[in-house]
Amino acid sequence: MANQNIGRKRLVVGAHYGMKEWLAQRITAVIMAVYTVILLASYLLAPDFSYDSWAGLFANQWMKVISFLAIFSLLYHAWIGVRDIWMDYIKPVGVRLLLQVLSSLWLIGCAAYAAQILWRV
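The structure displayed is predicted, hence computed values, not measured ones. (Residues numbered from 1 in each chain as written. Predicted model: local features only at pLDDT ≥ 70, side-chain atom pairs only at ≥ 80, totals over all residues. Heavy atoms only, no water.)

Our next topic: the overall build of the chain. Along the backbone of the chain there are four helices and zero strands. Starting at the N terminus and walking to the C terminus, you meet the elements of the chain as α-α-α-α. Burial statistics for the chain: of 121 residues in total, 20% are counted as buried. Total accessible area on the chain stands at roughly 9200 Å², and carbon and sulfur atoms take up 70% of it. (Helix = DSSP H or I, 4+ residues; strand = E, 2+ residues; numbered from the N terminus. Buried < 20%, exposed > 50% of the residue type's maximum accessible area, 1.4 Å probe, protein only. Areas by Shrake-Rupley, 256 points an atom, 1.4 Å probe, with all protein chains shown as cover.)

What follows concerns the side chain of Gln 100. Mapped onto the secondary structure, Gln 100 falls in helix H4 (residues 93-120). Residues within four places of Gln 100 in sequence aside, it is in contact with Trp 79, Arg 83, Trp 86 and Met 87. (Contact = heavy atoms within 4.5 Å.)

What follows covers the pattern of salt bridges. Counted under the stated rule, the structure contains two salt bridges. In this structure, the salt-bridge partner of Arg 83 is Glu 21, at a minimum N-O distance of 3.9 Å. Of this pair, Arg 83 sits in helix H3 (residues 61-89) while Glu 21 sits in helix H1 (residues 19-45), and the two are 62 residues apart along the sequence. When its relative accessible area of 17% is taken as the criterion, Arg 83 is described as buried. The salt bridge involving Asp 84 is made with Arg 83; its shortest N-O contact spans 3.0 Å. One continuous salt-bridge network, built from bridges that share partners, spans Glu 21, Arg 83 and Asp 84. (Salt bridge = Lys/Arg side-chain N within 4 Å of Asp/Glu carboxyl O.)

Turning our eyes to something else, we now look at the packing of aromatic side chains. Inspection of the entire model under this criterion finds five aromatic pairs. Taken together through their ring pairs, the aromatic side chains of Tyr 43, Phe 49, Trp 54 and Phe 58 make up a single cluster. (Phe/Tyr/Trp six-rings, centres within 6.5 Å; stacked < 30°, edge-to-face > 60°.)

Quick look at the nonpolar core now. Counting seven residues, the largest nonpolar core consists of Tyr 35, Leu 39, Leu 57, Phe 58, Met 63, Ala 70 and Leu 118. Looking at this core, the elements that each hand over two or more residues are H1, helix H2 (51-59) and H3. (Core = buried A, V, L, I, M, F, W, Y, C linked by side-chain atoms within 4.5 Å.)

As a further point, take H4. An ideal rise of 1.5 Å per residue puts 40 Å on 28 residues; H4 measures up with 40 Å between its terminal C-alpha atoms. Turning to H4, its buried residues are Gln 100, Ser 103, Leu 107, Ala 111, Ala 114 and Leu 118. Looking at the buried residues of H4, the elements they touch are H2 and H3. (Expected span 1.5 Å × (residues − 1).)

Time to look at the packing of H3 against H4. At a closest axis distance of 10 Å, the pairing of H3 and H4 adopts a crossing angle of 170°. Here H4 runs roughly antiparallel to H3, going by the angle between their axes. Contacts from Gln 61, Lys 64, Ser 67, Phe 68, Ile 71, Leu 75, Ala 78, Trp 79, Val 82, Arg 83, Trp 86 and Met 87 of H3 reach H4 at Arg 96, Leu 99, Gln 100, Ser 103, Ser 104, Leu 107, Cys 110, Ala 111, Ala 114, Ala 115, Leu 118 and Trp 119. Residue composition of the contact of H3 with H4, grouped by class: 16 nonpolar, five polar and three charged. (Axes fitted to C-alpha atoms, helices over the stretch in contact; angles between N-to-C directions. Parallel < 35°, antiparallel > 145°, perpendicular 65-115°, else oblique. Nonpolar A, V, L, I, M, F, W, Y, C, P; charged D, E, K, R; others polar.)

Our next topic: the side chain of Thr 28. For Thr 28, the location among the structural elements is in helix H1. Setting aside anything within four residues of it in sequence, one finds Thr 28 in contact with Ser 73, Tyr 76 and His 77.

Nonpolar side chains collect at one region of the surface, where Leu 40, Tyr 43, Leu 44, Leu 45, Phe 49 and Trp 54 lie side by side and expose about 650 Å² of accessible area between them. Sort the elements by how many residues they give to the nonpolar patch and H1 lands first, with four residues. Of note, Trp 54 is situated in helix H2. (Patch = residues over 30% accessible without salt bridge, like charges linked within 9 Å, V, L, I, M, F, W, Y side chains within 5 Å.)

What follows is the structure in structure tokens.
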């Protein structure tokens, strides 16, 4: 029987390696696309599009929840992409870990700031 390893340090993984992340990126992309359609429809169907009507739209609790879901989807989508970049191109483990921690802290800060903005309206 032939050797299953290709090269000296080949890591053999299951067929579903990365499937969860791939699926998460597709789901978050769909959520962001639906949110974009909702915003576009709100803009096109508004009788008078002014700051007051825009603020009125975001004063509704359902719009705040949908907006935060879209923002969370964007941040998770970004996390998967940035994490994959760090894993693929940064080889020293310490530097990669530092970049991943800084990236995750930045994204958590963005989520907190987005929540503050949405619920301040």
